[in-house]
Amino acid sequence: MSHASASPATPPSGTADPSALPPPSNEPGFLELRAAWWARFAPADLAEAAALDALVAALWRRARLDRLEARLLEAQLAGEADPKLPSLALLCRYGARLARDIEQARARFFA
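Predicted model only: the values in this text are computed from it and were never measured.

A. Quick peek at the environment of L72. With respect to the element layout, L72 can be found in helix α2 (residues 46–77). Under the relative-accessibility criterion, L72 is labelled buried at 6%. As for L72 and L91, which are separated by 19 residues in sequence, their C-alpha atoms are 9.5 Å apart.

Rendered as C-alpha cells:
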C-alpha cells in the first residue's frame, strides 16, 4: 500500500463502504480528523479509501463514546441520574465492540 504522499490526498465523495460510513460530517472536528488521516496516508485506490474511512469512523465513534462515558461518570459522582444516558455496562459493551472494529479496520488498512 502507498501510505505516504508528497501532496495530501482529497477523499473522493462516495468511496467508502456503505457499512462503514463515517458519522455525519456536520459534527465538529470530524472532517478535520478525516482530512488529516487522508493527508498522512493518501489511499491509492477505492479499497484503501474504504479501509481508511472505516478506521477513521471507528476512531471517531470511540472518541464520542469516551466523551459519553465521562458525562455518565460525572453525573453518577454528582449523584445526578440522567435518564438520557445509557448504563455504564452498555457503554463498556460498546467500547469492547469498538475496540474490535478499530483493530479490524487497522488490520485491513495496514495489510
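B. Up close: the side chain of D101. By the secondary structure assignment, D101 is in helix α3 (residues 88–109). Its relative accessible area of 16% is what places D101 among the buried residues. Engagement of the side chain of D101 in a polar contact is seen with the side chain of R97, the distance being 2.8 Å.

C. Geometry of α3. Between its first and last C-alpha, α3 extends 31 Å over 22 residues, near the 32 Å set by a 1.5 Å rise per residue. When α3 is considered as a whole, its buried residues turn out to be L91, G95, L98, D101, I102, A105 and F109. For α3, the angular spread of buried residues about the axis comes to 130 degrees, placing them on one side. Close packing links the buried residues of α3 with α1 (30–41) and α2.

D. Here's a closer look at the environment of K84. Looking at the secondary structure, you find K84 in the loop between α2 and α3. C-alpha of K84 to C-alpha of L72: the two residues are 12 residues apart in sequence and 9.7 Å apart in space.

E. Quick peek at the pattern of salt bridges. The final tally for this structure, using the stated rule, is 5 salt bridges. A salt bridge links R34 to D53; the shortest N-O distance between them is 2.8 Å. Here R34, found in helix α1, pairs with D53, found in helix α2; they are 19 residues apart in sequence, far enough to count as distant. Two residues, D101 and R97, come together in a salt bridge whose shortest N-O distance is 2.8 Å. Here D101 pairs with R97, and both are found in helix α3, just 4 residues apart, close to one helical turn. Linked by salt bridges that have partners in common, R61, R97 and D101 make up one network.

Conventions used here
For every chain, the first residue of the written sequence is number 1, and numbering continues from 1 onward in sequence order. Predicted model: local features are reported for residues with pLDDT of at least 70 only, side-chain atom pairs are reported and counted for 80 or more only, and whole-chain, interface and lining totals are derived from all residues. Think of the side-chain values as coming from all heavy atoms in the structure, minus any hydrogens and water. What counts as a helix is a DSSP run of H or I of at least four residues, what counts as a strand is a run of E of at least two, and both are numbered from the N terminus. Categorising residues by exposure relies on relative accessible area from a 1.4 Å probe, with only protein chains included: less than 20% of the type maximum marks a residue as buried, more than 50% marks it as exposed, and the intermediate range marks it as partly exposed. Two N or O atoms form a polar contact when they lie within 3.5 Å of each other; inside protein one atom must be a possible hydrogen donor and the other a possible acceptor, and for residues adjacent in sequence the pair counts only when both atoms belong to side chains. Expected helix span is taken as 1.5 Å per residue step, with the number of steps being one fewer than the number of residues. Think of the arc as the fan of directions from the helix axis to the C-beta atoms. Contacts: residue pairs with any heavy atoms within 4.5 Å of one another. For salt bridges, the criterion is a side-chain nitrogen of Lys or Arg within 4 Å of an Asp or Glu carboxyl oxygen.

These figures come from the coordinates and say nothing about function on their own.
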